[in-house]
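Single-letter residue listing:
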Amino acid sequence: MGKIFYIMGKSSSGKDTIYERLLEDEAVGLRPIVLYTTRPIRRGEQEGREYHFVTPGRLEEWKREGKIIELRDYRTVHGIWSYFTADDGQIDLNSSSYLGIGTLESYNRMREYFGEGTMCPIYIEVEDGERLKRAIKREEKQEEPRYEELCRRFLADAADFSEENIRRAGIGKRFRNEVLESCLEEIREYLYELR
Ligand SMILES: Nc1ncnc2c1ncn2[C@@H]1O[C@H](COP(=O)(O)OP(=O)(O)OP(=O)(O)O)[C@@H](O)[C@H]1O
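Quick caveat, the model's predicted, so the values are computed rather than measured.

Caption draft 1: How the structure looks around the nonpolar core. If you look at the biggest cluster of nonpolar residues, it comprises 22 residues, and the most contacted ones within it are Phe5, Tyr6, Ile7, Ile18, Ile122 and Ile187. Listing elements by their share of this core, those giving two or more residues are β1 (4-9), α1 (15-24), β7 (98-102), α3 (104-114), β8 (119-125) and α7 (180-194). A total of 5 residues in this core trace back to one element, the largest contributor, which is β1. Beyond its immediate stretch of four places on either side in the chain, isoleucine 122 contacts Phe5, Tyr6, Ile7, Phe175 and Ile187.

Below, the structure written as structure tokens:
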């Protein structure tokens, strides 16, 4: 049976960067779980790569059809943005292992849905000051930088990823993303151990 490796961490800890690097590595051999979101697409993002970008109407339709595995709503300064995993037929554990990105909350839901033995957490950490600098640098490159939203998320992360919540999700191992290449190497070792 395949496994689902699930990347988590606070905003700007490097989840997307690590996700992309692991996926493009053929020796790692993981398939993507592409999440859905109702937030607007950012510059440099591509439909179906970082996320599937859908309208709130589409989300409501899938809710009615019972296709939502896990869903998180964020009350942002631009309205509610939803991120969710949909049972859209993309996950077949008989033939593949997968790589996904999410929150502690969505990880817990995925564990309930797919079972404890299937889910393998990859928790990424970066020192807060460094993480904030990376977040600002990334935001500056946007056509319309959303600094208020950046601050809101930074503060919300402190509560969402409290030590208590990390412990409750059963996460022991953590990967520090100071130097990207070393962090990736450590994750690769962990992947080979568990597969
Ligand atoms: N080890 C690293 N050293 C320096 N910069 C990094 C490192 N890892 C990632 N970055 C940069 O930090 C920024 C945030 O990374 P990324 O977008 O991957 O984070 P994220 O966790 O996916 O964030 P979010 O949850 O907010 O989408 C990006 O501009 C990325 O290029």
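Caption draft 2: Structural detail: the site of the ligand. Neighbouring residues of the ligand: 13 residues in total, closest Gly14, Lys15, Asp16, Thr17 and Arg134. Those elements that place two or more of their residues in the shell around the ligand are α1 and α4 (128-140). Ranked by residues supplied to the shell around the ligand, first place goes to α1 with 3 residues. Residues belonging to the shell around the ligand are distributed by class as follows: 2 nonpolar, 7 polar and 4 charged.

Caption draft 3: Quick look at α3. Within α3, burial applies to Ser106, Tyr107 and Met110. For α3, the angular spread of buried residues about the axis comes to 105°, placing them on one side. Looking one or two residues beyond α3, the residue adopting positive phi is glycine 115, at roughly 95°.

Caption draft 4: Layout of the sheet that holds strand β6 (residues 79-86). Ordered in space as β4-β3-β6-β5, the 4 strands form an open sheet in which the pairing is mixed. The open sheet is flanked by β4 (51-53) and β5 (68-76), the only strands paired with a single partner. Taking each pair of neighbouring strands and ignoring which way they run, the sheet shows an average axis angle of 25°. The strands touched by α3 are β5 and β6; relative to β5, the strand with the most contacts, the crossing angle is about 170°.

Caption draft 5: Main features of the pairing of β8. Counting buried residues in β8 gives 5 out of 7 residues, a clear majority hidden from the surface. When β1 meets β8, the two strands line up parallel, connected through 6 bridges. Within β8, the residue paired with isoleucine 7 across the bridge is isoleucine 122. Alignment of β8 against strand β9 (residues 174-176), held across 3 bridges, turns out to be parallel. Each bridged residue has a counterpart across the sheet, and for tyrosine 123 the counterpart in β9 is arginine 174.

Rules of the game
Residues numbered from 1 in each chain as written. Predicted model: local features only at pLDDT ≥ 70, side-chain atom pairs only at ≥ 80, totals over all residues. Core = buried A, V, L, I, M, F, W, Y, C linked by C-beta atoms within 7 Å. Buried ≥ 20, exposed ≤ 12 C-beta atoms within 10 Å, placed from the backbone. Helix = DSSP H or I, 4+ residues; strand = E, 2+ residues; numbered from the N terminus. Contact = placed C-beta atoms within 7 Å. Near = placed C-beta within 6 Å. Nonpolar A, V, L, I, M, F, W, Y, C, P; charged D, E, K, R; others polar. Arc of directions from axis to C-beta. Pairing = 2+ DSSP bridges. Axes fitted to C-alpha atoms, helices over the stretch in contact; angles between N-to-C directions.

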